[in-house]
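# Per-entry structural report
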Amino acid sequence: MRILQLTKKFPYPLKDGESIAVTNLSKSLHALGCEITLLSMNTIKHYIDPSTIPTSFDHYKKIHTVDLDNRVTVWGAFKNLFSKESYHVSRFYYQKYKEKLVELLRGEQYDVVQLETLYLAPYIDSIRQYSNATIVMRSHNVEFEIWNRIASNTGFLPKKIYLKYLAKKLENFELNNLKHYDALVTVTQRDLDAYKKLGFRAKGIALPIGINCKEYFPGDISNLPQSISFIGSLDWIPNLEGLNWFLEKVWPEVKQNNADLKLHIAGRNTPQEIRNLADSSIVVEGEVDNAHSFLNSHLITIVPLLSGSGMRVKILEGMALARVVVSTSVGMEGIHAKNKEEILCADSPKDFAAVLNWILKDIEVQHKISSNARDFIADHFDVDTNAKRFLHFLQEIC
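Everything in this summary refers to the structure shown in the same document. (Residues numbered from 1 in each chain as written. Predicted model: local features only at pLDDT ≥ 70, side-chain atom pairs only at ≥ 80, totals over all residues. Heavy atoms only, no water.)

The next thing to look at is unusual backbone geometry. Put simply, Tyr-12 and Pro-13 share a cis peptide bond, and its omega is 0 degrees. Looking at where Pro-13 falls in the secondary structure, it is placed in the loop between strand 1 (2-7) and helix 1 (17-31). Notably, Thr-117 is not glycine yet its phi reads approximately 90 degrees, a positive angle. Structurally, the position occupied by Thr-117 is in the loop between strand 4 (112-116) and helix 5 (124-130). Unusually for a residue other than glycine, Asn-269 sits at a positive phi of about 55 degrees. Classification of Asn-269 as partly exposed rests on a relative accessible area of 41%. (Helix = DSSP H or I, 4+ residues; strand = E, 2+ residues; numbered from the N terminus. Buried < 20%, exposed > 50% of the residue type's maximum accessible area, 1.4 Å probe, protein only.)

What follows concerns empty space enclosed by the protein. Scanning all chains against the criterion turns up 2 cavities of 30 Å³ or more. Quantified by volume, the largest cavity comes out at close to 60 Å³. Lining of the largest cavity is provided by Thr-117, Leu-118, Met-137, Ser-139, Asn-141, Glu-143, Glu-174, Leu-178, Tyr-181, Leu-184 and Tyr-195. Taken together, the residues that form the lining of the largest cavity break down as 6 nonpolar, 3 polar and 2 charged. What the second largest cavity holds in volume is close to 40 Å³. Listed by contribution, the elements that provide at least two residues to the lining of the second largest cavity are helix 1 and helix 16 (383-397). (1 Å grid on protein atoms, 1.4 Å probe; cavity = no way out; pocket = protein on both sides within 12 Å on 5 of 7 lines; lining within 4 Å. Points joined across faces, edges and corners; volume = space filled by probe spheres on them. Nonpolar A, V, L, I, M, F, W, Y, C, P; charged D, E, K, R; others polar.)

Under the defined criterion, the tally for this structure stands at 12 aromatic pairs. Each ring, one from Phe-246 and one from Trp-251, has its centre 6.3 Å from the other, and the planes form 40 degrees; the classification is tilted. By the burial criterion, Phe-246 is buried, and Trp-251 matches it. Seen in terms of ring centroids, Phe-376 and Phe-381 are 5.8 Å apart; in terms of plane orientation they differ by 55 degrees. Their pairing is tilted. Residues Phe-376 and Phe-381 agree in their burial class; the two are buried. In textbook terms, an aromatic cluster arises when at least three aromatic residues are bridged by ring pairs, as seen for Phe-10, Tyr-12, Phe-57 and Tyr-60. (Phe/Tyr/Trp six-rings, centres within 6.5 Å; stacked < 30°, edge-to-face > 60°.)

What the 6 strands build is an open sheet, ordered 10-9-8-11-12-13; its pairing is parallel. Looking along the sheet, the strands with just one partner apiece sit at the ends: strand 10 (282-286) and strand 13 (344-345). Judged from the 2 bridges that link them, strand 12 (residues 324-327) and strand 13 form a sheet pairing that is parallel. Each bridged residue has a counterpart across the sheet, and for Val-326 the counterpart in strand 13 is Leu-344. Against the sheet, helix 9 (residues 237-249) touches strand 8 (227-231), strand 9 (262-266), strand 10 and strand 11 (300-303), its axis set at about 165 degrees to strand 9. (Pairing = 2+ DSSP bridges. Contact = heavy atoms within 4.5 Å. Axes fitted to C-alpha atoms, helices over the stretch in contact; angles between N-to-C directions.)

A few words now on the packing of helix 14 (residues 349-361) against helix 15 (residues 363-380). Where helix 14 meets helix 15, the closest approach of the two axes is 5 Å, and the angle between their N-to-C directions is 100 degrees. When the axes of helix 14 and helix 15 are compared, the pair comes out roughly perpendicular. Residues Trp-358, Ile-359, Leu-360 and Lys-361 of helix 14 lie in contact with helix 15, whose contacting residues are Ile-363, Val-365, Gln-366 and Ile-369. (Parallel < 35°, antiparallel > 145°, perpendicular 65-115°, else oblique.)

The two faces of strand 12 match: Val-324 and Val-326 on one face and Val-325 and Ser-327 on the other face are all buried. Both strand 11 and strand 12 contribute to a ladder of 4 bridges, which runs parallel. Residue Thr-301 lies in a different strand from strand 12, and its bridge partner there is Val-325. Read from strand 11 through helix 13 (residues 313-320) to strand 12, the crossover connection turns out right-handed. (Right-handed = clockwise from strand over helix to strand, strands pointing away.)

Fair warning: the whole summary comes from geometry, so function is off the table for now.
This is the structure we're talking about:
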């Protein structure tokens, strides 16, 4: 199976959910005999020097990158007010990327062109023109749903109106493109069902993000200090929104009931307003070198997500490392772990604080949940099992 994979950012280093999801599946497909070529945008926001890519990143037959400056600008956002195009999507349409794509399609025959996220959809016409490959959209999220949730959670009225406007244009683009895919892959059954209700009629499969538990080494939880961790890219609005919600509405009560408790915050592109919160009980670590070591240093990790969609890789990683994960129901979407058995779930500030206050004091339950969490990931999110399902799916539709 010859696959051309298109990505909107280079899937390395493995410090965010999208990069982990792309890389884990690609590695397993390669191990199953697939020949994968990568064509990736190399954006300023997530720029990587190609010469620094490690030799171990060898599951691709060839790697091609195209440099792109698609930063959000005030002028770009203003001009888009007078356009029918989605500003979210138009920033990823780049002539040089299209030219490189056409060059690859002319030079080699592929069985599948795999689009990683909706933002590669503008290139479908070029793929159709220069290739007979099956076009597979791998949707990591229902994109417009994220922005509708963000808008709904925004209190400032002018901003709420603007975000609703952007979300509507993104929704139009997302729904109009459903008819252009030969196949659709979602990370949750919920997302696949949602797309079907919205008009998707072609072949589809729900394929969870896979984790290789052999690469996760849980640390001993017995002698850890009382601490809570948060890790996530803080240039992604839902992560920042959820963290601010926790800091403003949950943390004060939890801290009041646990005098020695510390909160450790880690994340790429941590904004200054979060760094300014550092004090004797809040440790702002910024981007950490090793996410696994960071998670292993703290028994509890929180995922206070309010506006996301798809599946949260950091929950899977935390559970694979036998951490006690406390999440909102939005964060848990697609992860059907049992509350108070393999994970903890709470949605209101009062309930979130109550769950943390309870688990911090019950050592026996801590050990039970941490052990169950690791077993749950091994049983339900094994990347090699998922890759075999995906390859079988590709063979059928091709």
